[in-house]
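Chain and residue survey
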Amino acid sequence: MRTPFFAAMLTMFTMGAPAQECCDPAGPFRKGEAYADQPATCKTIADWIERAPAYDGRITMTTQGPLSAVETDGTLAYLVMCEAPGVQVLCVTYSTNGMQPGDVVLFAGGYSRVDETRVMLDPCLARAE
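Here the structure is a predicted model, which is why all the values come from computation and not from measurement.

**Considering the packing of aromatic side chains**
One pass over the structure, following the stated rule, counts 1 aromatic pair. Ring centres of Phe-29 and Tyr-111 lie 5.0 Å apart, and the angle between their planes is 80 degrees; this geometry places the pair in the edge-to-face category. Of this pair, Phe-29 sits in strand 1 (residues 29-31) while Tyr-111 sits in strand 5 (residues 104-115), and the two are 82 residues apart along the sequence. Summarising the burial analysis for this pair, Phe-29 and Tyr-111 share the class buried. Over the aromatic face of Trp-48 sits the side chain of Arg-51, whose NZ or CZ is 4.1 Å from the ring centroid.

As structure tokens, then:
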């Protein structure tokens, strides 16, 4: 059963980002499918999403931190990184791969900002660190 968090993440529209060139080489964003060398963390993500690049193509965001929730609907898996009330990141993927809340993981996926405290990466790859 999905929690309201998951339902809200999947149904809300993305917010616009301020215009800037893509992408800060020291940041967690990359054009297309590339992984960033320096992922955002639960401590740094709030700052990074305020500086997300405005780009018409696909932007991938890389994040690293502990899982706060893991759910599946039998087809998709929903992995949440970081704890509320801070910024949380939802990774929409195909399998939990046995990951559990508390596991430290690396996410990389198509970036969209849902609201002030929620980011969705879809599609997203996740691996235990």
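Alright, that's what it looks like, and here's the rest.
**Describing the confidence of the model for the chain**
On average, residues of the chain score 87 in pLDDT, and 84% of them are at 70 or above. Here residues 10-20 is modelled with pLDDT under 50, and outside its nearest four sequence neighbours on either side it reaches 28 contacts, counting other chains as well.

**Some details on the pattern of salt bridges**
Evaluated as defined, the whole model comprises 6 salt bridges. The residue Glu-116 makes a salt bridge to Arg-113 at a minimum N-O spacing of 3.2 Å. What makes Arg-113 buried here is its relative accessible area of 8%. Via salt bridges that share partners, Glu-50, Arg-113 and Glu-116 belong to a single interconnected network.

**Considerations on the side chain of Arg-113**
Relative to the helices and strands, Arg-113 is located in strand 5. Engagement of the side chain of Arg-113 in a polar contact is seen with the backbone oxygen of Asp-115, the distance being 3.2 Å.

**Notes on the environment of Ala-46**
Counting through the fold element by element, Ala-46 comes out in helix 2 (residues 45-50). Judged by relative accessible area, which is 41%, Ala-46 ranks as partly exposed. The spacing of Ala-46 and Thr-117 is 71 residues in sequence and 7.8 Å in space, taken between C-alpha atoms.

Conventions used here
Residues numbered from 1 in each chain as written. Predicted model: local features only at pLDDT ≥ 70, side-chain atom pairs only at ≥ 80, totals over all residues. Heavy atoms only, no water. Phe/Tyr/Trp six-rings, centres within 6.5 Å; stacked < 30°, edge-to-face > 60°. Helix = DSSP H or I, 4+ residues; strand = E, 2+ residues; numbered from the N terminus. Buried < 20%, exposed > 50% of the residue type's maximum accessible area, 1.4 Å probe, protein only. Lys NZ or Arg CZ within 6 Å of the ring centre and 35° of its normal. pLDDT = per-residue confidence, 0-100. Contact = heavy atoms within 4.5 Å. Salt bridge = Lys/Arg side-chain N within 4 Å of Asp/Glu carboxyl O. Polar contact = N/O pair within 3.5 Å; in protein donor to acceptor, adjacent residues only side chain to side chain.

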